[in-house]
Amino acid sequence: MTHYPTVTTKLVILLGKPLGHSISPAMHNRVFEKLGMDYCYMPVEVTEKNLKKVFSGLSAMNVAGFNVTIPHKINIIEYLDELDPLAATIGAVNTICVKSGKTTGYNTDGEGFIRSLENEAQISVKGKRVLLLGCGGAARAIAMTLAFRDAEKIYLYNRTLAKAEGLSEEINCKTRPCSAVIASPESFRKAMETCDILINGTSIGMHPHEDLLPIDESLISQNLIVADIVYNPLMTKLLRTARDRGCSIVPGLGMLIYQGAAAFKLFTGVEPLVEEMSEVAHALMTSRH
Ligand code: NAP
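An account of the accompanying structure is given in this report. Keep in mind it's a predicted model, so treat the numbers as computed, not measured. (Residues numbered from 1 in each chain as written. Predicted model: local features only at pLDDT ≥ 70, side-chain atom pairs only at ≥ 80, totals over all residues. Heavy atoms only, no water.)

1. Overview of the pattern of salt bridges
Overall, the coordinates contain 16 salt bridges when judged by the stated rule. One salt bridge in this structure joins Arg189 and Glu186, with 2.7 Å as the shortest N-O distance. Note that Arg189 and Glu186 are positioned in helix H7 (residues 185-194) at a spacing of three residues, about one turn of the helix. The exposure class assigned to Arg189 is partly exposed, which follows from its relative accessible area of 32%. The structure contains a network of salt bridges with shared partners spanning Glu111, Arg115, Glu118 and Arg149. (Salt bridge = Lys/Arg side-chain N within 4 Å of Asp/Glu carboxyl O. Helix = DSSP H or I, 4+ residues; strand = E, 2+ residues; numbered from the N terminus. Buried < 20%, exposed > 50% of the residue type's maximum accessible area, 1.4 Å probe, protein only.)

Below, the structure written as structure tokens:
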């Protein structure tokens, strides 16, 4: 039977702008439908100026939660009743649960990345040495979550050095002293020799600049696990190069799928069908090219 929303339907709202290309509504609604759950996931584009009143109005409706994306992940925090400790440490929220009228913010971006890494490369990040390229919003969530999940060492490299220094200091103060900045080609080469996992957390290699590599390919050795958070294209030049050199690779779409899966569990208390989410995500991304 076709499902349509009624007055009892629980809503999950995606807030951001622009949202035209988001695959989250399709991923979540597919699982609601497959599990016969009376929920509906709806994208709502909202400007920064209107965020407060839109969020306040929607929170008063039959809403189970929100996903939040660019440009509101930081600004939304001031309107929340509570903040989960990891989200507070990251300083950004991508998931909000509404329970008994109270709003609590979470961040599942880093967790999504780590679940993807652990499932696809079959490793635990605990005790691992990681080299993370980039210090933007996504890399920041990943770095903090790696620290929370007991990675042994987190090396940060960023085009703008001051941002890497700031993030590294924050990690060391807010979690534990596990982070260091890479500031020279020599220390970069050494970190590449000793680390277990390389993560591209920059936008280098993203469509339409698909021919770009974030590092010199001669530094990629066979025993490295190479992850890319860029998911457009699905297989970046970095991942293709690493695969050709014999590395295990972890494509970026997994992070998007697993951050959604973690949010789904928070909204509903139900384990999502990750396979279904993955099928929808891959079908949508493939159809765009
Ligand atoms: P962001 O906040 O704008 O950060 C961009 C990062 O990339 C910064 O560290 C920036 O360095 C670096 N960068 C950009 N262009 C560069 C260049 N030409 N050379 C060297 N460094 C460069 O962006 P974001 O939100 O973190 O997103 C980054 C990428 O991750 C995007 O491709 C996005 O689509 C992807 N993403 C994926 C997921 C997922 O679920 N897989 C989730 C979120 C984002 P500076 O600090 O020096 O500017």
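Let us keep going from here.
2. Side note on the sheet that holds strand S1 (residues 10-16)
Overall, mixed pairing links the six strands, which are arranged S2-S1-S3-S5-S6-S4 in an open sheet. Pairing within the sheet leaves two strands with one partner each, and these edge strands are strand S2 (39-45) and strand S4 (82-83). Summarising the sheet, S4 and strand S6 (residues 102-106) pair through two bridges and their orientation is parallel. Its bridge partner being in S6, Glu82 is matched across the sheet by Thr104. Together, S1, S2 and strand S3 (63-68) form the strand contacts of helix H1 (residues 24-34), whose direction differs from that of S2 by roughly 170°. Helix-sheet contacts for helix H9 (residues 253-268) involve S1, S2, S3, strand S5 (95-99) and S6, and the interaxial angle to S5 is about 10°. (Pairing = 2+ DSSP bridges. Contact = heavy atoms within 4.5 Å. Axes fitted to C-alpha atoms, helices over the stretch in contact; angles between N-to-C directions.)

3. Observations concerning the site of the ligand
Neighbouring the ligand are 20 residues, the closest being Asn158, Arg159, Thr160, Lys163 and Met206. Gly136 places a polar main-chain atom, nitrogen or oxygen, 3.4 Å from an oxygen atom of the ligand. A distance of 2.9 Å separates a nitrogen atom of the ligand from a polar backbone atom of Gly252. Of all the elements in the fold, those that place two or more residues in the shell around the ligand are helix H5 (137-148) and H9. Partitioned by chemical class, the residues of the shell around the ligand number nine nonpolar, nine polar and two charged. (Near = heavy atom within 4 Å. Polar contact = N/O pair within 3.5 Å; in protein donor to acceptor, adjacent residues only side chain to side chain. Nonpolar A, V, L, I, M, F, W, Y, C, P; charged D, E, K, R; others polar.)

4. Here we look at unusual backbone geometry
That bond from Ile70 to Pro71 is cis: its omega, 10°, falls within 30 degrees of zero. Following the sequence through the fold, Pro71 ends up in the loop between S3 and S4. Cis geometry marks the peptide bond from His207 to Pro208; its omega dihedral reads 10°. Tracing the chain through its elements places Pro208 in the loop between strand S10 (197-200) and strand S11 (225-228). At Asp150, a position not held by glycine, the phi torsion is positive, near 65°. Following the sequence through the fold, Asp150 ends up in the loop between H5 and strand S8 (153-157).

5. Description of the packing of aromatic side chains
Here a ring pair, both rings aromatic, is described through the centre-centre distance and the interplanar angle of the planes. Throughout the structure, instances matching the rule amount to four aromatic pairs. Here Tyr157 and Phe188 contribute two aromatic rings whose centre-to-centre distance is 5.0 Å and whose plane-to-plane angle is 75°, an arrangement assigned as edge-to-face. Within this pair, whereas Tyr157 is found in strand S8, its partner Phe188 is found in helix H7, the two being separated by 31 residues in sequence. (Phe/Tyr/Trp six-rings, centres within 6.5 Å; stacked < 30°, edge-to-face > 60°.)

Distances and angles like these do not, on their own, reveal function.
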